[in-house]
Amino acid sequence: GVGLKALEPSRFIRHFSALKKYFETSRIDWIYLPIESGSNRVLQSMNRKYRVEDVLGVVRELRAAAPALRIETDFVVCYPTETREDFEASLKLLEYFDHWNLVIFGRQEDTKAFAMQYVFSPEEKARRCEIVKSLSGSAARPYRPECRTLMEAPLPSSLGASGLSVLSKRLSAK
C-alpha cells in the first residue's frame, strides 16, 4: 500500500475534497497528519494556519471513506503558551488517531517561539510525558505492518490539476 507523509494540515484540508477519492480506493494505507495541539489558541501561537475542528472534520471523513486507514499525528507538549487546559484539550484528541508521536517543545532559532519565555520545569515536562505515555494504546487501533510503503515526495504546494495528476500517477504506479 501507499502512505502519505508530512502533510501540512492547512494545505491538506484545503485540497481534501479533491483528494478524498484516492482514500476511497483503499490504495492509501496510512497518512501522517501532524495536528500538534488540541488548542486553537496554541496553534495560533505556533503560527499554524488551521483549526483543530477542521483537522478533526477531515479525520472523520477519512474514517468514513477508508475505515482501515491508519492515521498518525504529532502532539507538541510544553509549548511556552500551553496551559493545563490546552494540554487536556490535546489529550482528548488522542482517540482520533491510530498512532501519535509525542514531541516535547524545544526552542529553535528563527521561530516565533524562540523569544518566548519557557515556563515548564523538568518535572512538569516529565509529568506530562508520563500522562501521554499512560494513555498510549488506550484508543489505538491494530497496527498493520504491511502498510510500510512510503510516498516520500511531498504534495506540490499548489495542488491544482497538475498536482492531482502527479498524485494520481504516483498512486497508479503502486
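Above this note sits the structure.
Just so we're clear, the structure is a prediction, and the values are computed from it rather than from any experiment.

What should I look at first to understand the sheet that holds strand 1 (residues 2-4) in this one?
Strands in a sheet are paired, the pairing made by backbone hydrogen bonds, and the direction either parallel or antiparallel. One open sheet accounts for 4 strands, arranged 1-2-3-4; its pairing is parallel. Sheet topology places strand 1 and strand 4 (99-104) at the edges, where each strand pairs with a single neighbour. Sheet twist, expressed as the average angle between the axes of neighbouring strands with direction ignored, equals 15°. Two strands pair when backbone bridges link them, and strand 3 (residues 70-77) and strand 4 are joined in this way by 6 bridges, in the parallel orientation. If you follow Val76 over to strand 4, its bridge partner there is Val103.

Whenever I open this one, the environment of Arg127 confuses me. Can you help?
Note that Arg127 resides in helix 5 (residues 122-135). Judged by its relative accessible area of 37%, Arg127 falls in the partly exposed class.

Looking at this structure, I do not really get helix 4 (residues 84-93). What am I missing?
Two residues of an α-helix separated by three or four positions point the same way, owing to the 3.6 residues in each turn. Within helix 4 the residues assigned to the buried category are Asp86, Phe87, Ser90 and Leu93. Axial view of helix 4: buried residues confined to an arc of 110°, hence all on one face. Projecting away from the buried face of helix 4 at angles above 90 degrees are the exposed residues Arg84, Glu85 and Lys92. On its buried face, helix 4 sits against helix 2 (40-45), helix 3 (52-65), strand 3 and helix 5. Residue Thr83 occupies the N-cap position of helix 4, its side-chain oxygen lying 3.3 Å from the main-chain nitrogen of Glu85.

Which parts of the structure should I look at to understand the environment of Trp30?
For Trp30, the position within the fold is in strand 2 (residues 28-32). By relative accessible area, which is 9% here, Trp30 ends up buried.

What is the right way to look at the packing of aromatic side chains in this model?
Any two aromatic rings considered together are summarised by their centre-to-centre distance and by the angle between their planes. Considering all chains together, one arrives at 5 aromatic pairs under this definition. Plain terms: the ring middles of Phe16 and Phe23 are 6.4 Å apart, the flat faces sit at 40° to each other, and that makes the pair tilted. Judged by centre distance (6.1 Å) and plane angle (80°), the rings of Phe75 and Phe97 are edge-to-face. With Phe75 in strand 3 and Phe97 in the loop between helix 4 and strand 4, this residue pair connects regions lying 22 residues apart in the sequence. Side by side, Phe75 and Phe97 carry an identical accessibility label, which is buried.

How do you make sense of the pattern of salt bridges when you look at a structure like this?
Proximity of charged atoms lets side chains of opposite charge pair with each other. In the structure shown here, the tally under the stated rule is 11 salt bridges. The partner of Glu88 in a salt bridge is Arg84, and the shortest N-O contact between them spans 3.7 Å. Within this pair, Glu88 and its partner Arg84 are both found in helix 4, separated by 4 residues, close to a single helical turn. Look at Glu88 and you get partly exposed, because its relative accessible area is 38%.

What counts and what doesn't
Residues numbered from 1 in each chain as written. Predicted model: local features only at pLDDT ≥ 70, side-chain atom pairs only at ≥ 80, totals over all residues. Heavy atoms only, no water. Pairing = 2+ DSSP bridges. Helix = DSSP H or I, 4+ residues; strand = E, 2+ residues; numbered from the N terminus. Axes fitted to C-alpha atoms, helices over the stretch in contact; angles between N-to-C directions. Buried < 20%, exposed > 50% of the residue type's maximum accessible area, 1.4 Å probe, protein only. Arc of directions from axis to C-beta. Contact = heavy atoms within 4.5 Å. Polar contact = N/O pair within 3.5 Å; in protein donor to acceptor, adjacent residues only side chain to side chain. Phe/Tyr/Trp six-rings, centres within 6.5 Å; stacked < 30°, edge-to-face > 60°. Salt bridge = Lys/Arg side-chain N within 4 Å of Asp/Glu carboxyl O.

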